[in-house]
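The residues making up each chain are set out below.
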Amino acid sequence: QVQLVESGGGLVQAGASLRLSCAASGRTFSSYPMGWFRQAPGKEREKVASISTSGSTTTYAEFVKGRFTISRDNAKNTVYLQMNSLKPEDTAVYYCAATRRGWVTPDYWGQGTQVTVSS
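### Some details on the state of the cysteines
Item 1. Overall, the coordinates contain one disulfide when judged by the stated rule.
Item 2. Paired by a disulfide, cysteine 22 and cysteine 96 hold their sulfur atoms 1.9 Å apart. Where cysteine 22 bonds to cysteine 96 through sulfur, the torsion about that S-S bond is close to 45°, and the disulfide is right-handed. Of this pair, cysteine 22 sits in strand β3 (residues 18-24) while cysteine 96 sits in strand β9 (residues 92-98); the two residues are 74 residues apart in sequence, bridging distant segments of the chain. There is no split in this pair, since cysteine 22 and cysteine 96 are both buried.

Spelled out as structure tokens, the structure:
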């Protein structure tokens, strides 16, 4: 069992930065690929970024490439999402996820953290 708790969301102006954190419980964190998703009001949840167990491989959605960076610290059981040059369209609830079976149906989800970007 893995429990995920996100933090770091908030209200910022366009162009600002935020860093989201996702703290995981349990001793198996390092064996899970991790990802960040987001869901805006009235829209489906979409994958933002993912990172391999070692952190050596990362993937990004086109709409965040060059602005967001995913990283992980396995010693701290934490995955991060550094978000720069935020836009109003980045406003959403951001969720972290852990999975060993692909990103269509991740094994575990956090409760989400709200990010609001004002224009």
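Picking up after the structure, the text goes on.
### Describing the pairing of β9
Taken residue by residue, a regular strand's side chains alternate between the two faces of the sheet.
Item 1. With six of its seven residues buried, β9 lies for the most part within the structure.
Item 2. Inspection of the sheet shows strand β4 (residues 34-39) paired to β9 by six bridges, in the antiparallel sense. Bridge pairing in β9 links tryptophan 36 to cysteine 96.
Item 3. With three bridges connecting them, β9 and strand β11 (residues 113-118) associate as antiparallel partners.

Criteria and cut-off values
Residues numbered from 1 in each chain as written. Predicted model: local features only at pLDDT ≥ 70, side-chain atom pairs only at ≥ 80, totals over all residues. Heavy atoms only, no water. Disulfide = S-S within 2.5 Å. Helix = DSSP H or I, 4+ residues; strand = E, 2+ residues; numbered from the N terminus. Buried < 20%, exposed > 50% of the residue type's maximum accessible area, 1.4 Å probe, protein only. Pairing = 2+ DSSP bridges.

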